[in-house]
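Spelled out, the chains give:
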Amino acid sequence: MSTINLNGAVQQRVRSERPAACLSFARSIMLIARREFRDALSSKWFLLYTFAFTTLAIGVSFLSLAGSGEHGFAGFGKTAAGLLNLIMLVVPLMALTAGAGSIAGERERGTLLYLLAQPLSRTELLLGKFVGLAIALICSLCIGFGLSAGLLAWRAGGVGAGAFLMLVVFTSVLALSMLSVGVLISVQSRRAGVATGISLFVWLGLVFLSDLGLMAGTVLFKLRVQEVFALAIINPLQAFKMNVIVNLNASLDVLGPVGMYASNEFGGSLPWLLTSVITLWCVLPLALAILIFRKRGGI
Amino acid sequence: MIEARHITKQFKRVLAVNDLSFDLEPGGSLALWGSNGAGKTTLIRCLLGVFPCKGTVRIDGIDVRRSGKHARARVGYVPQELAFHDDARLGSAIRFFAELRRVELIQAARSLEAVGLRGHESKRVRDLSGGMKQRLALAIAMIADPPVIVLDEPTSNLDSAGRGEVVDTLLKLREQGKTLIFASHRPDEVITLADRVLVMEQGRLVQQTTPEALWPSRSSIRSMRLYIEQGDEYRAAEILREGGYAINHGNSGLTVAIEQHRKAEPMNHLAERGIGVRDFELLRDVHDDDEPEIGIATEQLSEVLP
């Protein structure tokens, strides 16, 4: 009987301590995130990426306006379409390298040991760094998109701004997914240089090699259209591209038989399927990174 | 206060800490003594829960493996050299750790005051001297007034003045009743600060003793660094250890604890076994203001060496 009472007391204590533990968990994450955000803002690489993205986004906006003859809808819609290729090149590069430097950089500088010797769990540290970098990345993207949108609104009005806004949201989710992959690379790497090298290789694979591989695979193995579609959307960049095209109310026919198959087969649920794929790319690598980081035998 | 049972840590094929157990009562001070590679740093990291290891560690009754975060909240850690973002200013660095440990900023200011760093808040961490960095690490370690302070060779990168400052601060902490665990290569520090010594060798606990037992005539003990011909260092360390000398084999040579009037003995001991000593240096005591006694010892050396 006394054991039962004791267990009850313990359970009650655990229940009462749980909200405090959650609060402490959230506070630690936000503290690390704040520091990471500040560090990112003072990082030359980050400023360079932001400058490059902003300049290119404004450049694309100018070109789109020049082609659309100052009609608002064409301005926003065409800019979104024009930005698509730029985003697929620049954003994964930004996010992958930022994530790759996160833990490996601290490890190389020797600061990771010092942080881990503080009242901080590995999960809190990793999530804090992820959140801080995510906020910095999204701010960086918002600067580029914001200036581009300002230019479009000034010259062509606000029609079609919804599609542009969705592009910003999708791009942010893509950035988070690539950041998640970058962090996974980082927890496995001893040196920041190695982590950056691997992330560049992954970027190359996702941006260029996967398309070439898919084309080669289709020819070599005579893949069916549904198999090609399944293989294509595994790549988060392809899922992002299709999602943006669907969102712009454009026909997926531009993507050939695979696009037609996707439209016919999935119809209205296609955006959800594609969003789910990208979301999984955000969650799974990060979860795996936390698991590996927690199980590491050393620092 | 600290209860360590059967701590074992293996890195692939290397057994860094091998089945080590000890207890440390509140207010006690324990020195970890041993050569490079003896497992002192690994043991410290296991105690902090930074390295997962076999066995159990309890700090203030809290299991480090199960509640590492809560256990570490009761520990202040001072590394060999403070590693924090070099661009950060001292003020923002200490504010970050104050927030991490959930203490008021006034406590951070008091902590800086205690180590004599008040007024340096606007300096960048990279611009601090080695001694100031270690004092900052001490300030961070003391910020939340934890009952336990763990130090990993806190003075190894400091000059004599810096060493003295750190040791003085640690003596004050002892007087306040803090529990100290520290790794050191210097007998004078161990004699000054510790009331117990764990002698470690290749990850094993060889001896659990007191500084008095390790160096019986403690008042006349000096640290002497021997520079051995390259390739013979490990053999020399082994010979001296077998000869009953308390030695430490560090990156900068062999440090031998020796009585004031028997300084040539370890060199003779090595010479008899065919190992030459290239150079030597008498290290200054933590509170010794004199210059290294190289001249005096050289005279004595010329008298006694063959």
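Quick look at the structure, then. Predicted model, so just to flag it, every value in this text is computed and none were measured.

Another point: the sheet that holds strand β2 (residues 14-24) of chain B. Residue and element names in this part refer to chain B. On the basis of which strands lie adjacent, the open sheet formed by 4 strands has the order β2-β1-β4-β5 and antiparallel pairing. With partners counted over all chains shown, the strands left at the sheet margins are β2 and β5 (62-63), one partner each. In this sheet, β2 lies alongside strand β1 (residues 2-11) in antiparallel orientation, the contact comprising 7 bridges. Of the residues in β2, the one forming a bridge with Ile7 is Leu20.

All names here are of chain A. Two elements in contact, helix α8 (residues 225-234) and helix α11 (residues 270-295), have axes separated by 10 Å at closest approach and are oriented at 45°. Relative to α11, the element α8 is oriented oblique. Contacts from Phe229, Ile233 and Ile234 in α8 reach Leu270, Leu273, Leu274, Val277 and Trp281 in α11. When its residues are assigned to classes, the contact of α8 with α11 shows 8 nonpolar, no polar and no charged.

Right, let's get into the pairing of strand β8 (residues 179-183) of chain B. Walk down a regular strand and you will see the side chains alternate between the two sheet faces. All names here are of chain B. β8 sits mainly inside the fold: 5 of its 5 residues count as buried. Every second residue of β8 is oriented toward a common face, with Thr179, Ile181 and Ala183 on one face and Leu180 and Phe182 on the other, all of them buried. Pairing of strand β3 (residues 29-33) with β8, which is carried by 4 bridges, proceeds in the parallel orientation. When the sheet's bridge partners are listed, Ala31 is paired in β8 with Phe182. Strand direction decides the pairing type here: strand β7 (residues 148-152) and β8, joined by 5 bridges, are parallel. If you follow Ile149 over to β8, its bridge partner there is Leu180. On the question of chirality, the crossover connecting β7 to the parallel β8 by way of helix α6 (residues 160-175) is right-handed.

On the secondary structure map, A:Ser24 appears in helix α1 (residues 2-41). Of the polar contacts made by the side chain of A:Ser24, one reaches the side chain of B:Lys69; its length is 2.7 Å.

All names here are of chain A. Its place among the elements puts Leu41 in helix α1. Since its relative accessible area comes to 42%, Leu41 is described here as partly exposed. Separated by 95 residues in sequence, Leu41 and Ala136 have C-alpha atoms that sit 7.1 Å apart.

This part is about the side chain of B:Thr179. Residue and element names in this part refer to chain B. Among the secondary structure elements, Thr179 is positioned in strand β8. Only 2.9 Å separates the side chain of Thr179 from the backbone nitrogen of Gly27, close enough to count as a polar contact. If near-sequence neighbours (up to four positions away) are discounted, Thr179 is found in contact with Met1, Leu24, Glu25, Pro26, Gly27, Gly28, Pro147, Val148 and Ile149.

Glancing now at unusual backbone geometry. All names here are of chain B. In the Ramachandran plot, Glu153 falls in the positive-phi region, its phi being about 45° despite a non-glycine side chain. Structurally, Glu153 is set in the loop between β7 and α6. You can call Glu153 buried: its relative accessible area is 7%. One non-glycine residue with positive phi stands out, namely Gln202, at about 45°. For Gln202, the position within the fold is in the loop between β9 (196-201) and β10 (204-209).

Turning next to the pattern of salt bridges. Considering all chains together, one arrives at 21 salt bridges over all chains under this definition. For A:Arg34, the salt bridge goes to B:Glu99, with nearest N and O atoms at 2.3 Å. Placement of the pair is A:Arg34 in helix α1 and B:Glu99 in helix α3 (residues 90-100), with the two residues belonging to separate chains. Note that B:Glu189 is salt-bridged to B:Arg186, the shortest N-O span being 4.0 Å. The same class applies to B:Glu189 and to B:Arg186, which are both buried. Where salt bridges share partners, they join A:Arg35, A:Glu36, A:Glu106, A:Arg109 and A:Lys129 into one cluster.

Residue and element names in this part refer to chain A. As enumerated under the stated definition, the model contains 11 aromatic pairs over all chains in all. Here the aromatic rings of Phe53 and Phe145 are separated by 5.4 Å at their centres, their planes lie at 80°, and the arrangement is edge-to-face. Of this pair, Phe53 sits in helix α2 (residues 44-68) while Phe145 sits in helix α5 (residues 122-156); the two residues are 92 residues apart in sequence, bridging distant segments of the chain. When sorted by exposure, Phe53 lands in the same class as Phe145, which is buried. Between Phe145 and Phe164, the aromatic rings sit 5.9 Å apart at their centres with planes inclined by 90°, giving edge-to-face as the arrangement. With Phe145 in helix α5 and Phe164 in helix α6 (residues 161-188), this residue pair connects regions lying 19 residues apart in the sequence.

Calculation criteria
- Each residue is numbered by its place in its chain's sequence as written, counting from 1.
- Here every chain gets a letter starting at A, and every ligand a number starting at 1, in the order they are written.
- In keeping with the predicted nature of the model, local features appear solely for residues at pLDDT of at least 70, side-chain atom pairs appear and are counted solely at 80 or more, and the whole-chain, interface and lining totals rest on all residues.
- Side-chain descriptors were evaluated using all non-hydrogen atoms of the structure, hydrogens and water having been removed beforehand.
- Whether two strands pair comes down to DSSP finding at least two bridges between them.
- Each helix is a run of DSSP H or I of at least 4 residues and each strand a run of E of at least 2, with the numbering of both proceeding from the N terminus.
- Lines fitted to the C-alpha atoms define the axes, with helices restricted to the stretch that makes contact. Angles between their N-to-C directions range from 0 to 180 degrees.
- Orientation categories follow fixed angle ranges, with anything under 35 degrees roughly parallel, anything over 145 roughly antiparallel, 65 to 115 roughly perpendicular, and all other angles oblique.
- In this description, contact between two residues means that some pair of their heavy atoms is separated by no more than 4.5 Å.
- In this count, Pro and Cys sit with the nonpolar residues alongside Ala, Val, Leu, Ile, Met, Phe, Trp and Tyr, while Asp, Glu, Lys and Arg are called charged and the others, Gly among them, polar.
- Any residue under 20% of the maximum accessible area for its type is buried, any over 50% is exposed, and the rest in between are partly exposed; the area is computed with a 1.4 Å probe on protein chains only.
- We call a crossover right-handed when, viewed with both strands directed away from the observer, the connection leading from the first strand over the helix to the second proceeds clockwise.
- Nitrogen and oxygen atoms within 3.5 Å of one another constitute a polar contact, given that in protein one can donate a hydrogen and the other can accept it, and given that sequence-neighbouring residues count only through two side-chain atoms.
- Salt bridges are defined as contacts in which a side-chain nitrogen from Lys or Arg sits within 4 Å of a carboxyl oxygen from Asp or Glu.
- Each Phe, Tyr or Trp ring, with Trp reduced to its six-membered ring, pairs with another whose centre is within 6.5 Å; inter-plane angles below 30 degrees give stacked pairs, above 60 give edge-to-face pairs, and intermediate values give tilted ones.

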